[in-house]
Amino acid sequence: MAETATSTPGTKAQHYSFFQGVERNFDKASSFTRFEKGILEQIKACNSILQLKFPVRIGEKIEVIEAYRVQHSHHKLPCKGGIRYSMDVNQDEVMALASLMTYKCAIVNVPFGGAKGGIKINPKNYTPFELEKITRRYASELVKKNFIGPGIDVPAPDYGTGAREMSWIADTYASLKPGEVDALGCVTGKPITQGGVRGRTEATGLGVYYGVREVCNTKEDMKKLGLELGIEGKKVIVQGLGNVGFHAAKFFFDNGAIIVGLAEYEGGIYSEKGIDIYKVVEHRKATGSILDFPGVTNIKNSADTLEQECDILIPAALENVINAGNAARIKAKIIGEGANGPLTPDADEILHKKGAIVVPDMYLNAGGVTVSYFEWLKNLSHVRFGRMDKRFSENQNSLILQTVEGLTGKRANDTERTMILHGPDEADLVYSGLEDTMIGSYHEIRDILNSRDISDMRTAAFVCAIDKVGVSYEELGIFP
Ligand code: GLU
């Protein structure tokens with residue numbers, strides 16, 4: 001499955017480009033930081049931009065393919081960020097997304113600089129064989145230009161790409177660098193059997209869930225919004241059932257939230273009583289649509305779904321879906337940006353005035369890159385997480401349980417026994433690392449928001465990122 005259901009925050013209605021939009025947000029936030037102008041300019045700039053044109057034989061013809069890799073920041077290495085396949089790919093978009101990766105990594109304390117890649121193709125127009133040829137050629141161009149490697153730049157899936165493409169990239173890299181022992185660390189988001197890590201597929205959606213849950217578990221925030229503490233019973237609408245939206249919806253559903261609305265290309269569905277996310281997916285597989293799922297009201301115009309009654313709205317599909325045209329009608333008190341750029345700046349302002357909390361994409365969808373970091377660590381250490389200590393922990397737990405039972409004269413029941421004895425396996429450790437990251441970063445952003453008199457979470461998230469990257473540049477000094 002492709003990594004995100006997101007696309008470019010197209011800026012057609014605005015008079016500045018996507019990259020300029022990111023720069024505007026940066027400038028707004030930088031006034032809350034202490035860095036000199038030169039440092040701020042260096043943080044903002046894209047360090048290396050690679051524009052490629054390469055030929056690929058497709059059927060009888062030779063096609064010249066346009067592609068990019070942008071390394072936004074080298075303050076930490078390797079650089080990190082996905083590769084997207086889309087007809088909307090252009091240099092400005094890749095630059096914007098690369099810079100967002102720098103800030104995203106800084107916010108969740110992932111020690112990488114930001115990067116992004118893109119190939120301007122519609123993957124639906126090619127056979128798997130042709131896609132493999134394009135991907136392998138792109139990867140070999142990156143090798144030739146020194147734009148890929150476990151210590152240089154590590155791509156990952158993004159819109160239109162997934163584990164399959166990452167596997168082709170890893171294989172191309174390993175073939176061109178024989179004997180490089182850390183070769184598998186040249187790309188993340190690989191299948192488990194090719195050095196991937198358990199939990200990477202659902203990581204972005206799970207991160208969205210952990211982030212929003214933390215908002216709901218924060219007393220002051222809930223009081224401000226007039227909502228009860230906790231995720232249980234909260235009414236949620238999710239837009240987009242791609243990798244991010246589906247997994248986010250699944251984790252909300254599994255943990256007691258009520259999925260009242262879902263929106264997809266074909267329309268939306270709404271039910272106050274709640275919708276079983278698993279059954280909707282089955283229904284969609286069988287009928288090709290979420291519409292007419294038993295017990296729901298169909299919403300013809302998909303976008304209208306966002307305006308229905310709910311506590312939490314998760315736009316996890318397209319860019320700019322909440323804008324000046326519909327923001328005033330959004331009823332959700334918490335808007336969690338699963339996609340990149342689902343809110344226009346106008347919408348941001350309107351929702352802010354309405355008193356809603358907008359949880360920004362730069363923080364909320366950082367679960368993917370966080371777990372990519374874990375995959376990279378796994379590749380460099382050449383051992384599955386939990387392999388060395390799982391059994392040891394289980395033996396220790398058993399000993400503790402026996403001692404407690406001996407001292408108290410009481411016996412734990414079977415469920416308690418299973419839970420207490422269980423030693424952590426790879427998925428447990430990845431989930432735990434991601435949960436801790438999302439909780440910790442939320443409070444870092446919140447502390448900045450409260451201590452510097454900033455009114456919105458997006459600006460606070462930018463300040464959080466600028467502070468960290470700025471300190472890094474200051475400490476590194478200027479060479480020579
Ligand atoms: N493409 C994802 C993102 O935009 C993941 C990047 C990565 O894992 O490096 O965050």
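Above this note sits the structure.
Residues numbered from 1 in each chain as written. Predicted model: local features only at pLDDT ≥ 70, side-chain atom pairs only at ≥ 80, totals over all residues. Heavy atoms only, no water.

Asks: Could you clarify how one ought to interpret the overall build of the chain in this entry?
Replies: When you go through the chain residue by residue, the secondary structure sums to 16 helices and 12 strands. Rg of the C-alpha trace for the chain: 23 Å, near the compact-globule value of 23 Å for 480 residues, within the 12% margin. If one aligns the C-alpha atoms of the chain with their principal axes, the spans along those axes are about 70 × 55 × 55 Å. Sorting the 480 residues of the chain into buried and exposed places 57% on the buried side. A sequence separation of at least 24 residues applies to 69% of the contacts in the chain between residues at least 6 apart. Each charge sign in the chain was given a centre, from 56 positive and 61 negative side chains, and these centres are 2 Å apart. (Helix = DSSP H or I, 4+ residues; strand = E, 2+ residues; numbered from the N terminus. Rg over C-alpha atoms; globule rule 2.2 N^0.38 Å. Buried < 20%, exposed > 50% of the residue type's maximum accessible area, 1.4 Å probe, protein only. Contact = heavy atoms within 4.5 Å. Lys, Arg positive; Asp, Glu negative; His and termini not counted. Charge placed at Lys NZ, Arg CZ, Asp CG, Glu CD.)

Asks: How do you make sense of the pairing of strand S10 (residues 312–315) when you look at a structure like this?
Replies: Moving residue by residue along a regular strand, the side chains alternate between the two faces of the sheet. By the alternation rule, side chains of S10 split into Ile312 and Ile314 and Leu313 and Pro315, which are all buried. Of the strand pairs in this sheet, strand S6 (residues 235–239) and S10 are connected by four bridges, and their pairing is parallel. Following the sheet pairing, isoleucine 237 is matched in S10 by leucine 313. (Pairing = 2+ DSSP bridges.)

Asks: Could you clarify how one ought to interpret the sheet that holds strand S7 (residues 258–264) in this entry?
Replies: Within a sheet, each strand pairs with its neighbour through backbone hydrogen bonds, oriented either parallel or antiparallel. Strands sit in the order S9-S8-S7-S6-S10-S11-S12 across an open sheet of seven strands; the sheet is mixed. Because the sheet does not close on itself, it has two edges, and the strands there are strand S9 (297–299) and strand S12 (357–359). Strand-to-strand twist in this sheet, taken as the mean axis angle between neighbours without regard to direction, amounts to 15°. Note that strand S11 (residues 334–336) and S12 share three bridges and pair parallel. Bridge pairing in S12 places isoleucine 335 opposite valine 358. (Axes fitted to C-alpha atoms, helices over the stretch in contact; angles between N-to-C directions.)

Asks: Before we go on, may I ask you to explain the layout of surface pockets in this structure?
Replies: Summary: where empty space remains is shown by rolling a probe the size of a single water molecule over the atoms. Each pocket or cavity is described by its volume, and for the second largest pocket that value is around 810 Å³. When residues of the lining of the second largest pocket are traced back to their parent elements, those giving at least two are helix H1 (18–30), helix H7 (219–225), helix H10 (345–353), S12, helix H11 (361–364), helix H15 (426–451) and helix H16 (457–476). If one sorts the elements of the lining of the second largest pocket by residue count, H1 sits on top with six residues. In terms of residue class, the lining of the second largest pocket is made up of 15 nonpolar, 14 polar and 11 charged. (1 Å grid on protein atoms, 1.4 Å probe; cavity = no way out; pocket = protein on both sides within 12 Å on 5 of 7 lines; lining within 4 Å. Points joined across faces, edges and corners; volume = space filled by probe spheres on them. Nonpolar A, V, L, I, M, F, W, Y, C, P; charged D, E, K, R; others polar.)

Asks: For this particular structure, what's the right way to read the site of the ligand?
Replies: Around the ligand sit 14 residues in total, of which Lys80, Lys104, Pro157, Asp158 and Ser372 are the nearest. One of the backbone nitrogen or oxygen atoms of proline 157 is found 2.8 Å away from a nitrogen atom of the ligand. Between serine 372 and the ligand, the recorded distance is 2.5 Å, taken from a side-chain N or O atom to an oxygen atom. Look at the ligand: alone it shows 290 Å² of surface, and the protein chains cover 98% of it. (Near = heavy atom within 4 Å. Polar contact = N/O pair within 3.5 Å; in protein donor to acceptor, adjacent residues only side chain to side chain. Areas by Shrake-Rupley, 256 points an atom, 1.4 Å probe, with all protein chains shown as cover.)

Asks: I keep staring at empty space enclosed by the protein and nothing clicks. Help me out?
Replies: Considering all chains together, one arrives at two cavities of 30 Å³ or more under this definition. What the second largest cavity holds in volume is close to 30 Å³. Phe19, Val22, Glu23, Lys44, His72, Ser99 and Tyr103 together form the lining of the second largest cavity. Counting only elements with at least two residues in the lining of the second largest cavity, the list comes to H1 and helix H3 (91–107).

Asks: How should I be thinking about the pattern of salt bridges in this particular structure?
Replies: A side chain with one charge can pair with a side chain of the opposite charge if their charged atoms come near. Under the counting rule described, the total for this entry stands at 33 salt bridges. Here glutamate 426 and arginine 198 are joined by a salt bridge, their closest N and O atoms 2.8 Å apart. Of this pair, glutamate 426 sits in helix H15 while arginine 198 sits in the loop between helix H5 (163–176) and helix H6 (203–216), placing them 228 residues apart in sequence. Classification of glutamate 426 as buried rests on a relative accessible area of 2%. The partner of arginine 446 in a salt bridge is glutamate 220, and the shortest N-O contact between them spans 3.6 Å. Here glutamate 220 lies in helix H7 and arginine 446 lies in helix H15, a separation of 226 residues in the sequence. When salt bridges with common partners are traced through the structure, they connect Arg84, Glu93, Lys116 and Asp158 into a single cluster. (Salt bridge = Lys/Arg side-chain N within 4 Å of Asp/Glu carboxyl O.)

Asks: Looking at this structure, I do not really get the packing of H15 against H16. What am I missing?
Replies: When two helices pack together, you describe them by how their axes are tilted relative to each other and by the distance separating the axes. Contact geometry of H15 with H16 gives a least axis separation of 8 Å together with a crossing angle of 105°. On the basis of the axis angle, H15 is roughly perpendicular to H16. Residues Tyr442, Glu444, Ile445, Ile448 and Leu449 of H15 lie in contact with H16, whose contacting residues are Met457, Ala460, Ala461, Val463, Cys464, Asp467 and Lys468. The residue inventory of the contact of H15 with H16, partitioned by class, reads nine nonpolar, no polar and three charged. (Parallel < 35°, antiparallel > 145°, perpendicular 65-115°, else oblique.)

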